Amino acid sequence: MTSCKSEKTAKKTTDISEKPNIVVIYLDDLGYGDLSAYGATEIQTPNIDALANGGIKFTNGYASSATCTPSRYALLTGVYPWRNKKARILAGSAPLIIDVAQQTLPKVLKKQGYQTAIVGKWHLGLGSGDVNWNGKITPGPNEVGFDSSYIMAATQDRVPTVYIDNGHVVGLDKNDPIEVNYKKNFEGEPTAKSNPEMTTMKWHHGHNNSIVNGIPRIGYMKGGESAKWTDIDMADHFLGKAQEYVKTHKEQPFFLYYAMQQPHVPRTPHPRFVGKSGMGPRGDVILEADWVVGEFINTLEEEGLLENTLIVFSSDNGPVLNDGYYDDAIEKLGKHDPKGGLRGGKYSLLEAGTRVPFITYWKGTIKPTVSDAIVCQMDLLASLANLTGTSENTTDSKDILNAFLGKSNKGRDHLLIEANSRTALRSGDWLMIPPYKGNKFNKKVNIDVGIRPEFQLYNLKQDVGQEQNLAATNPEELAELIKVYESLRGEKIK
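Reading the values: rules and limits
Residues numbered from 1 in each chain as written. Predicted model: local features only at pLDDT ≥ 70, side-chain atom pairs only at ≥ 80, totals over all residues. Heavy atoms only, no water. Core = buried A, V, L, I, M, F, W, Y, C linked by side-chain atoms within 4.5 Å. Buried < 20%, exposed > 50% of the residue type's maximum accessible area, 1.4 Å probe, protein only. Helix = DSSP H or I, 4+ residues; strand = E, 2+ residues; numbered from the N terminus. Contact = heavy atoms within 4.5 Å. Phe/Tyr/Trp six-rings, centres within 6.5 Å; stacked < 30°, edge-to-face > 60°. Lys NZ or Arg CZ within 6 Å of the ring centre and 35° of its normal. Pairing = 2+ DSSP bridges. Axes fitted to C-alpha atoms, helices over the stretch in contact; angles between N-to-C directions. Salt bridge = Lys/Arg side-chain N within 4 Å of Asp/Glu carboxyl O. Disulfide = S-S within 2.5 Å. Parallel < 35°, antiparallel > 145°, perpendicular 65-115°, else oblique. Nonpolar A, V, L, I, M, F, W, Y, C, P; charged D, E, K, R; others polar. Polar contact = N/O pair within 3.5 Å; in protein donor to acceptor, adjacent residues only side chain to side chain.

J.: What exactly am I supposed to notice about the nonpolar core here?
T.: Side chains of a nonpolar character, in soluble globular proteins, are inclined to be buried together. Counting 59 residues, the largest nonpolar core has Trp122, Trp133, Ile164, Phe255 and Tyr257 as its most contacted members. The element best represented in this core is helix H8 (residues 380-387), accounting for 5 residues. Every residue in contact with tryptophan 133, bar those within four places of it in the chain, is listed here: Gly92, Ser93, Leu126, Ala153, Pro160, Ile164, Val169, Leu172, Ile178 and Val180. Within the second largest apolar cluster, 47 residues are counted, among which are Leu35, Ile43, Val246 and Leu306.

See the structure below:
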């Protein structure tokens with residue numbers, strides 16, 4: 001009996017050790033056309049290209065949403081973000097929007113014997129209301145499935161401008177406590193409006209509150225001087241944390257969610273990359289991000305982990321040029337098309353809002369190919385559950401593991417995409433956008449957000465730039481898609 005039992009235990013241990021490490025590398029506002037692997041000619045991204053050329057490059061890969069918080073919510077929970085009214089772009093002081101009892105990707109993988117970690121941008125809220133930044137900040141990533149978390153609370157352009165290590169602000173002096181407010185300033189504290197001479201980056205819209213490192217931010221912050229990050233070192237800093245994690249957790253399978261900050265504003269390339277792209281800071285931070293990816297992959301290789309690691313690379317939403325600062329993104333764009341021939345961009349229901357670079361790479365297991373399968377980041381939860389030996393069907397996530405591994409050209413049949421809680425339907429070659437009231441153009445960021453008072457219907461196979469609305473000439477197709485949309489959304493189109 002003893003012999004039998006030990007054999008059984010040994011077998012179980014072997015099963016866990018044979019499970020691949022899983023790394024999700026998630027960029028911020030990287031457009032479909034921002035990589036040379038996806039057709040960019042004015043910028044070269046050789047390290048990310050190596051993943052695309054050595055793995056599966058998806059041409060119909062989607063974030064769930066055209067903005068950051070909702071996409072991250074869908075990625076980690078497998079749930080359509082429009083089901084949660086709080087899943088919108090959050091302030092840096094917002095409470096956690098993932099219920100601690102909710103199913104999440106790290107929870108699924110933990111049950112399968114994985115160590116779980118996040119390094120980088122969180123932006124899903126922290127605490128349950130009024131956060132005390134000077135004590136243990138909870139609930140947060142650790143309470144929704146991550147064993148280890150090293151994050152910034154929201155975005156690089158929002159306060160608090162500090163790193164948080166497993167719920168504690170890094171480098172905080174207790175005698176200089178942090179205060180954060182998104183409604184009013186603290187008495188006597190300078191802002192971009194009151195003290196423009198203190199800024200080294202000029203704000204265009206929205207970014208005119210507290211100044212940190214010469215950069216005006218969204219929201220007001222007081223104190224915490226010793227804990228404030230240095231913007232130009234952020235890429236190196238998060239890279240170091242990601243490298244350190246894989247080096248110290250390689251004995252057991254791990255899941256690392258590595259959420260990089262580029263090319264979100266404020267674009268603050270390290271001096272090594274300043275001027276390298278010829279496109280201003282936005283181009284420079286894309287080159288910096290590519291270098292970071294290369295360094296991280298080198299670490300996996302040096303640690304002997306590359307052949308047992310599934311890497312998923314994507315972006316939380318489409319591109320935006322001027323997103324609040326004057327930084328030459330428009331003036332120095334030249335011939336570069338961040339949208340890659342698509343229409344729209346960040347904030348938009350049109351394709352460039354949610355169709356993003358999407359790559360899966362697993363050296364020696366995934367054969368290099370280009371896939372037209374419709375895949376969404378939301379589907380990682382069910383698919384990775386399958387990969388690691390379980391199943392998960394309690395969310396909106398679909399098990400399309402075979403598409404992610406290149407064993408099938410079939411992904412999703414239907415996908416609802418979202419922008420500002422408005423939704424549209426991608427189904428086969430078609431995209432259908434219901435009628436919506438509102439401004440069709442976001443003038444601040446110069447992006448067509450896809451809102452029209454009439455139905456829109458596009459055949460993306462024939463018209464990827466969405467130039468021809470076929471709703472009037474294809475009534476049968478439109479009627480069929482309206483049925484599918486209403487079924488998925490659970491309500492009639494008004």
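J.: Whenever I open this one, the environment of glycine 340 confuses me. Can you help?
T.: For glycine 340, the location among the structural elements is in the loop between strand E12 (309-315) and helix H7 (351-354). In this structure glycine 340 comes out as partly exposed when scored by relative accessible area, which is 32%. Sequence-wise, glycine 340 and valine 162 are 178 residues apart; in three dimensions their C-alpha atoms are separated by 34 Å. Not counting residues within four places of it along the chain, the set of residues in contact with glycine 340 comprises Tyr32 and Gly33.

J.: Explanation requested: the packing of aromatic side chains in the structure shown.
T.: Here the structure, examined in full by the defined rule, presents 16 aromatic pairs. Both rings, one in phenylalanine 58 and one in phenylalanine 358, keep their centres 5.6 Å apart while their planes meet at 75°; by these two values the pair is edge-to-face. Remark: phenylalanine 358 occurs in strand E13 (residues 358-361) and phenylalanine 58 occurs in strand E2 (residues 56-62); sequence separation between them is 300 residues. Since its relative accessible area comes to 0%, phenylalanine 58 is described here as buried. Looking at phenylalanine 358, the relative accessible area reads 0%, which means it is buried. Ring centres of tyrosine 150 and phenylalanine 238 lie 6.5 Å apart, and the angle between their planes is 85°; this geometry places the pair in the edge-to-face category. In this pair, tyrosine 150 is assigned in strand E4 (residues 148-152) and phenylalanine 238 in helix H5 (residues 234-248), connecting sequence segments 88 residues apart. Note on phenylalanine 238: relative accessible area 1%, which makes it buried. Three or more aromatic residues link up through ring pairs in this structure, and these residues are Tyr26, Trp122, Phe146, Phe255 and Tyr257. Over the ring of tryptophan 291 we find arginine 272; its NZ or CZ atom is 4.6 Å from the centre of that ring.

J.: Please clarify how the sheet that holds E12 should be interpreted in this entry.
T.: By definition, the strands of a sheet pair up through backbone hydrogen bonds, in either a parallel or an antiparallel sense. Spatial ordering of the open sheet is given by E6-E5-E4-E3-E11-E1-E12-E13-E2-E14, a layout of 10 strands whose pairing is mixed. The open sheet is flanked by strand E6 (168-169) and strand E14 (369-376), the only strands paired with a single partner.

J.: Please explain the sheet that holds strand E15 (residues 414-419) as it appears in this structure.
T.: Reading across the sheet, the 4 strands line up as E15-E16-E17-E20 and stay open at both edges, with antiparallel pairing between neighbours. The open sheet has two edge strands, E15 and strand E20 (456-459), and neither has a second partner. Taken pair by pair, the neighbouring strands of this sheet meet at an average axis angle of 20°, ignoring direction. Here strand E16 (residues 422-427) pairs with strand E17 (residues 430-433) via 3 bridges, running antiparallel. Bridged to arginine 426 within E17 is leucine 431. Contacts from helix H10 (residues 475-489) reach E15, E16, E17 and E20, with the element oriented near 120° to E16.

J.: Hey, could you run me through the pairing of E15 in this one?
T.: Every other side chain in a regular strand lies on the same face of the sheet, so the side chains alternate between the two faces. When you tally the buried positions in E15, you get 5 out of 6 residues, the bulk of the element. As paired elements, E15 and E16 share 6 bridges and run antiparallel to each other. Bridged to glutamate 418 within E16 is threonine 423. Between E15 and E16, which follow one another and run antiparallel, lie 2 residues, and asparagine 420 among them has a positive phi close to 55°.

J.: Is there a simple way to explain the pairing of strand E1 (residues 21-27) in this structure?
T.: Of all the 7 residues making up E1, 7 are buried; the element is thus mostly covered by neighbouring parts of the structure. Neither face of E1 is exposed, since Asn21, Val23, Ile25 and Leu27 on one face and Ile22, Val24 and Tyr26 on the opposite face are all buried. Taken together, the 7 bridges between E1 and E12 define a ladder with parallel strand orientation. Counterpart to valine 23 in the pairing with E12 is isoleucine 311. In this structure, E1 lies alongside strand E11 (residues 254-259), joined through 5 bridges in parallel fashion. The residue bridging valine 24 from the neighbouring strand is tyrosine 257, located in E11.

J.: I keep staring at the pattern of salt bridges and nothing clicks. Help me out?
T.: Where charged atoms of side chains with opposite charge meet at close range, the side chains can pair. For the structure shown, the criterion picks out 24 salt bridges. Two residues, lysine 346 and aspartate 323, come together in a salt bridge whose shortest N-O distance is 3.0 Å. Of the two residues, lysine 346 sits in the loop between E12 and H7 while aspartate 323 sits in the loop between E12 and H7, which places them 23 residues apart along the sequence. For lysine 346, a relative accessible area of 2% translates into the label buried. Of the residues examined, aspartate 323 reaches a relative accessible area of 6% and is grouped as buried.

J.: Just checking my understanding: could you explain the state of the cysteines for this structure?
T.: Where two cysteines share a covalent bond between their sulfur atoms, that bond is called a disulfide. Counted under the stated rule, the structure contains 0 disulfides. In this structure cysteine 68 is a free cysteine whose sulfur lies 16 Å from that of cysteine 376, the closest cysteine sulfur available. We classify cysteine 68 as buried; its relative accessible area is 2%.

J.: Honestly, the packing of helix H2 (residues 46-54) against helix H6 (residues 281-302) in this entry has me stumped. Any pointers?
T.: The relative placement of two packed helices comes down to the angle between their axes together with the axis-to-axis distance. At their nearest, the axes of H2 and H6 sit 7 Å apart, and the two run at 60° to each other. On the basis of their axis angle, the class for H2 and H6 is oblique. On H6, the residues that touch Pro46, Asn47, Ile48 and Leu51 of H2 are Asp290, Trp291, Val293, Gly294 and Ile297. A breakdown of the residues in the contact of H2 with H6 according to their chemical character gives 6 nonpolar, 2 polar and 1 charged.

J.: Help me understand the side chain of glutamine 377 in this model?
T.: By secondary structure assignment, the location of glutamine 377 is in the loop between E14 and H8. Under the relative-accessibility criterion, glutamine 377 is labelled buried at 2%. Side chain to side chain, glutamine 377 and tyrosine 26 meet in a polar contact 2.4 Å long. Among residues more than four places away in sequence, those in contact with glutamine 377 are Tyr26, Tyr62, Ala63, Ser64, Ser71, Leu75, Ser314, Ser315, Val356 and Phe358.

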